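Close look at the chain arrangement
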Amino acid sequence: MTTLRPAVGYLRISDIKQKENHSEEIQKRMITEKAKQEGFTIVKWRFDEAVSGFRKRASKRKNMQLLLNDVKEVDAIFFYDESRLTRKIYDFQREIYLPIKEQFPHIKFYSSESSIGEWDPNDPLVQAKLVFAAEESNIKSKRAKDAQLSILANNDSDKPSRPGTRTPLGYDLVEGLLILNEDSPIVTKIFDMASWGYSNGKIADILNAEHVKTKHICQWHSSSIDYILKNIVYAGHLSWYVKQSQSSLYRINNKDLEPFKDVHDPIISPVMFSIVAQVKSYKKRYGKLDTPFFLRNLLYCSQCNTAFKTKDNSPKGKSGKYLVYRCQNCKKNISADDIHEEVLTNLSKKWTSNLQQMIDESKSALTVWMITLKAWKKSVEQTEERILFNERMLSQQEELEDIATIFKSSKELIKEEKLKINQAIGKIELLNNDMALLEVYSHFKKADISSLLNNELRTLCLTFIDKIKVNYSRDNDFTLAINYRLNPFVELENITGHITDELLKQLPEKPKDTKLKK
């Protein structure tokens, strides 16, 4: 009796719906029969369930990666057909097949749909099948997009219907429109926590601890929270192509990312969506927000103008904490507790200021920023015109490969700069009115400063404090000079500050004073 050699079988279905038409069972049966014909037996199955071969490269699929270790114990790998391996033509060959063959040349590959023996990616027929598999996915993708556009463009109502896709948490889909349901308060709670600096993981932990459940969610994860906080549908807008835009593998035109605005009732306002986006940016710029040093990056020494470092001088093995801010140049330490108390006392007094005065100050700053942005936009557009003119003038000359690369790079930079400017202008247009500003300030002012947690205090300070100068006295006491922001829009201020610097560089130098000294 002939002994069958061991092999591993690889399965993939791209959509959970394929389970209904027994795609998994069909693949298993055909692979098992093919393995027996070739003198093998399947001793292990690797199954990537609901994983797209079009969107996810071979080396990024969990069970495909496991094949790289499985080959130490088997003599062959079997699969159903080329479309189960990939929809990208070359990624499986480069990332899986060649590395395995290089280290284990005896390993054989077989397709259950092929009758020619061992599978060879260099065979013209195999290459044709890989191309057909990729083209089929491209066609399906285009049909889906065209169907979405048709629904959006040809709807008889004054508001476009939502194309077929998963209904977001907090909504029911009724005749193509999103209607608020009983889960919408959960979304509001998630955005509220995020606006106070809670991490995605912390929000998920809180919801799980409170046994918050929905029809489709029994256990919360940070990825679920991240998806909700990035989804503009909760601000009442409708978008599509979002999944492709998040990957560098799927570059699409900016116009395809433009949302249909105010399509359905929002769960949170566009202003709140903007606040959460800004708080999220703090984490990228300053690190984690849940820290006892909630004034980190804000304290500066008045003598040397350097930022204070943080240090934990708490004695090991003993109770009690001794946290300090330290100026490395001047060798000065300040107790974190002392300076925290001083700043929070001052902030509490500021918090009782006239609300309308704060709104007026913000409107004034936003108006100035808008003027700055429009001036910079005009400058960028003039630069773009010069680039395009020079490109046309030089296009008929020979040996311009290097120059063509420079032009391409320059146009891409201009495109990115224009996008950034337009986004900033759009945000100012959203925020520069009494109602929007009232919502921003009221959201933060409703909090009791004395009861805020570390992440909440840090979020509040980063939003409303620009810089704190620390002055020392001879007896090692200190005084503070706190510079408050005229408005809470930190990222906008950073953008316009950069642009103002660029505009100043373009101004002609002042003529030197040529008068003779007396």
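Residues numbered from 1 in each chain as written. Predicted model: local features only at pLDDT ≥ 70, side-chain atom pairs only at ≥ 80, totals over all residues. Heavy atoms only, no water.

Some words on the overall build of the chain
Stated precisely, the cut-off is as follows: Where helices and strands are cited, they refer to DSSP runs of H or I of at least four residues and of E of at least two residues respectively, numbered from the N terminus. Residue exposure (1.4 Å probe, protein chains only): buried if accessible area is under 20% of the type maximum, exposed if over 50%, otherwise partly exposed. The contact criterion used is simple: two residues touch if any of their non-hydrogen atoms lie within 4.5 Å. To be clear on the numbers: accessible area is Shrake-Rupley with a 1.4 Å probe, and residue cover counts the displayed protein chains and nothing else.
In terms of regular secondary structure, the chain is built from 16 helices and 12 strands. When each of the 518 residues of the chain is scored for burial, the buried share is 41%. A separation of at least 24 residues holds for 69% of the contacts in the chain among residues at least 6 apart in sequence. Accessible surface, the chain as shown: approximately 30400 Å² in total, 50% of it carbon and sulfur.

A look at the packing of helix α2 (residues 62–70) against helix α4 (residues 91–103)
Let me state the cut-off plainly: Every axis corresponds to a line fitted to the C-alpha atoms, with the helix fit spanning only the stretch in contact, and the corresponding angles, defined between N-to-C directions, vary from 0 to 180 degrees. Note on terminology: angles under 35 degrees are roughly parallel, angles over 145 are roughly antiparallel, angles of 65 to 115 are roughly perpendicular, and the others are oblique. Two helices crossing with the near one rotated counterclockwise from the far one by less than a right angle form a left-handed crossing, whereas a clockwise rotation gives a right-handed crossing. All amino acids are sorted into three groups, where Ala, Val, Leu, Ile, Met, Phe, Trp, Tyr, Cys and Pro are nonpolar, Asp, Glu, Lys and Arg are charged, and the leftover types, Gly among them, are polar.
Look at α2 against α4: their axes get within 9 Å of each other, and the N-to-C directions meet at 20°. The angle between α2 and α4 places the two elements in the roughly parallel class. Relative to α4, the crossing made by α2 is left-handed. Between α2 and α4, the residues in contact are M64, L67 and L68 and F92, I96 and I100, respectively. Considering only residue class, the contact of α2 with α4 consists of six nonpolar, no polar and no charged.

Things to note about the sheet that holds strand β2 (residues 40–49)
Quick reminder of the rule: Strands were regarded as paired on the criterion that DSSP finds at least two bridges between them.
Taken in spatial order, the four strands line up as β2-β1-β3-β4 in an open sheet, and their pairing is parallel. Looking at the sheet topology across the chains shown, the edges are occupied by β2 and β4 (108–111). When strand polarity is set aside, the average angle formed by the axes of neighbouring strands in this sheet is 25°. Looking at chain direction, strand β1 (residues 5–13) and β2 are connected through nine bridges and run parallel. Across the sheet, the residue bridging to R12 is D48, located in β2.

Some points on unusual backbone geometry
Although it is not a glycine, H211 sits at a positive phi angle of roughly 55°. Examined against the element boundaries, H211 turns out to sit in the loop between α7 (200–209) and α8 (222–230). The exposure class assigned to H211 is exposed, which follows from its relative accessible area of 64%. One non-glycine residue, K331, lies in positive phi territory at about 55°. By the element assignment, K331 lies in the loop between β9 (323–327) and β10 (332–335). Relative accessible area serves as the criterion here: at 57%, K331 is assigned to the exposed category.

With respect to the side chain of D48
The condition that has to hold: Counted charges follow a simple rule, with Lys and Arg positive, Asp and Glu negative, and His plus the chain ends left uncounted. Counted as salt bridges are all cases of a side-chain nitrogen of Lys or Arg within 4 Å of a carboxyl oxygen of Asp or Glu.
Tracing the backbone shows D48 in strand β2. The buried charged residue D48 lacks any salt bridge partner; its closest oppositely charged side chain belongs to R61, at an N-O distance of 4.9 Å. The residues contacting D48, other than those within four sequence positions of it, are Y10, L11, R12, I13, R61, K62, N63 and M64.

Topic: a negative patch on the surface
The line we're drawing: The residues that make up patches have over 30% relative accessible area and no salt bridge, and they are joined within 9 Å when like-charged or within 5 Å when they are Val, Leu, Ile, Met, Phe, Trp or Tyr. All charge positions are set by atom: Lys at NZ, Arg at CZ, Asp at CG, Glu at CD.
A contiguous patch of negative charge, built from D337, D338, E341, E342, D475 and D477, is present on the exposed surface. Relative to the assigned elements, E341 resides in helix α11 (residues 336–350).

A look at the packing of α7 against α8
The N-to-C vectors of α7 and α8 enclose an angle of 110°; their axes lie 8 Å apart at closest approach. As far as their axial angle goes, α8 and α7 are roughly perpendicular. Where α7 crosses over α8, the handedness of that crossing is right-handed. Contact with α7, carried on its side by N200, G201, I203, A204 and L207, involves S222, I225, D226 and L229 of α8 and no other residues of that element. In the contact of α7 with α8, the residues fall into five nonpolar, three polar and one charged.

Honestly, it's all geometry; don't read function into it.
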